[in-house]
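These are the residues of each chain, in order.
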Amino acid sequence: MVTRARRGSLRVVGLTGGIGSGKSTVAGLFAARGVPVIDADALAREVVAPGGSAHADVAAAWPEVIDADGKVDRKRLAEIVFADPAARKKLEGITHPRIQATADARLAGLGDAGEPLALYEATLLVESGRFRDFDGLIVVVASPETQIARATARDGLTRPEAEARIRAQMSTEDKLRVATEVIDNDGALAATEAQVDVLLAKLR
């Protein structure tokens, strides 16, 4: 993780939440208000893309997930790793160092540019312990039923698949224990926007 000294005056706040909690929606609301957002999932897609720093290692470990164009079938890969904790740990070992290196470079660039605040959006900030590297942690929450509904609609998962992914992740309660801020994203978008406005004023 880029050191606080290397960030300069940039404050970096983590943003996390379980599948279907709507953390990307919240990240988008912050971005629309001028806050730079580093999206770990976007970086994950980048590092496993053909030519990316993790592509060759993923292809060697799971050749069955490489399609005819040489791209990683992320849905197929997810099915494998969510069903096998050892495979999931192996994938994280391949991708996480590359994601972190890319994120560090971009945060350092924001610090050099004089940005005062940025968000780092990622699913596993608490599980990995990386939340400790930041100047705060926002946890986005939603009810299990809302999470399932969003995951099935967005990702084309069946209900059992969505439930399995929720079970595979750390519980919301455990994440809330280390949160410095919480956004309830279970209701209407306007209610979430209002919470973001209040929190952004506080962070700034």
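Please refer to the structure higher up on the page.
Calculation notes
- Numbering of residues begins from 1 in every chain and follows the order in which that chain's sequence is written.
- Owing to the predicted nature of the model, reporting of local features is limited to residues with pLDDT of at least 70; listing and counting of side-chain atom pairs is limited to 80 or more, with chain, interface and lining totals taken over all residues.
- Heavy atoms from the whole structure form the basis of all side-chain values; hydrogens and water molecules are not counted.
- Residues enter a nonpolar core if they are buried and are Ala, Val, Leu, Ile, Met, Phe, Trp, Tyr or Cys, with the set joined through side-chain atoms within 4.5 Å.
- Think of it in three bands: with a 1.4 Å probe and only protein chains considered, a residue is buried below 20% of the maximum accessible area for its type, exposed above 50%, and partly exposed in between.
- Elements are defined by DSSP. Helices are runs of H or I of four residues or more, strands are runs of E of two residues or more, and each kind is numbered from the N terminus.
- Axis angles are defined between N-to-C directions and span 0 to 180 degrees, where every axis is a line fitted to C-alpha atoms and, for a helix, only to the segment in contact.
- Note on terminology: angles under 35 degrees are roughly parallel, angles over 145 are roughly antiparallel, angles of 65 to 115 are roughly perpendicular, and the others are oblique.
- Definitions for this section: a left-handed crossing has its near helix turned counterclockwise from the far helix by less than a right angle. A right-handed crossing has that turn clockwise.
- We call two residues in contact whenever any of their non-hydrogen atoms come within 4.5 Å of each other.
- Note that Gly is not counted as nonpolar here; it falls among the polar residues with everything else outside the nonpolar set of Ala, Val, Leu, Ile, Met, Phe, Trp, Tyr, Cys and Pro and the charged set of Asp, Glu, Lys and Arg.
- Here a cavity means grid points, on a 1 Å grid over the protein atoms only, where a 1.4 Å probe fits yet cannot get out; a pocket means an open set of points with protein on both sides within 12 Å along at least five of seven lines; lining residues are those with an atom within 4 Å of a point.
- Grid points are joined across faces, edges and corners, and a volume is the space filled by probe spheres set on the points.

A. View of the nonpolar core. Residues Val-58, Trp-62, Leu-77 and Tyr-120 are the most contacted members of the largest nonpolar core, which totals 33 residues. Elements that contribute at least two residues to this core include exactly helix H3 (40-48), helix H5 (74-83), helix H6 (85-112), strand S3 (117-121) and strand S4 (137-141). Broken down by element, this core gets its largest block of residues, 7 residues, from H6. Formed by 16 residues, the second largest nonpolar core is a distinct cluster that contains Val-13, Leu-119, Val-196 and Leu-199.

B. Inspection of the packing of helix H7 (residues 144-155) against helix H8 (residues 159-168) at higher detail. For the pair H7 and H8, the least separation of the axes is 9 Å and the interaxial angle reads 120 degrees. By the angle between their axes, H7 is oblique relative to H8. The handedness of the crossing between H7 and H8 is right-handed. Residues Pro-144, Glu-145, Gln-147, Ile-148, Ala-151 and Thr-152 of H7 touch H8, and the partners they reach there are Arg-159, Ala-162, Glu-163 and Ile-166. Tallied by class, the residues present in the contact of H7 with H8 amount to 5 nonpolar, 2 polar and 3 charged.

C. Looking closely at the layout of surface pockets. Taken as a whole, the largest pocket encloses approximately 1,300 Å³ of empty space. Every residue lining the largest pocket is counted, 43 residues in all, and those nearest its centre are Asp-41, Ala-44, Arg-74, Phe-82 and Thr-123. Elements that contribute at least two residues to the lining of the largest pocket include exactly helix H2 (23-32), H3, H5, H6, S3 and H7. The greatest single-element share of the lining of the largest pocket, amounting to 7 residues, is contributed by H6. Among the residues forming the lining of the largest pocket, the class breakdown is 16 nonpolar, 13 polar and 14 charged. By volume, the second largest pocket amounts to about 190 Å³.

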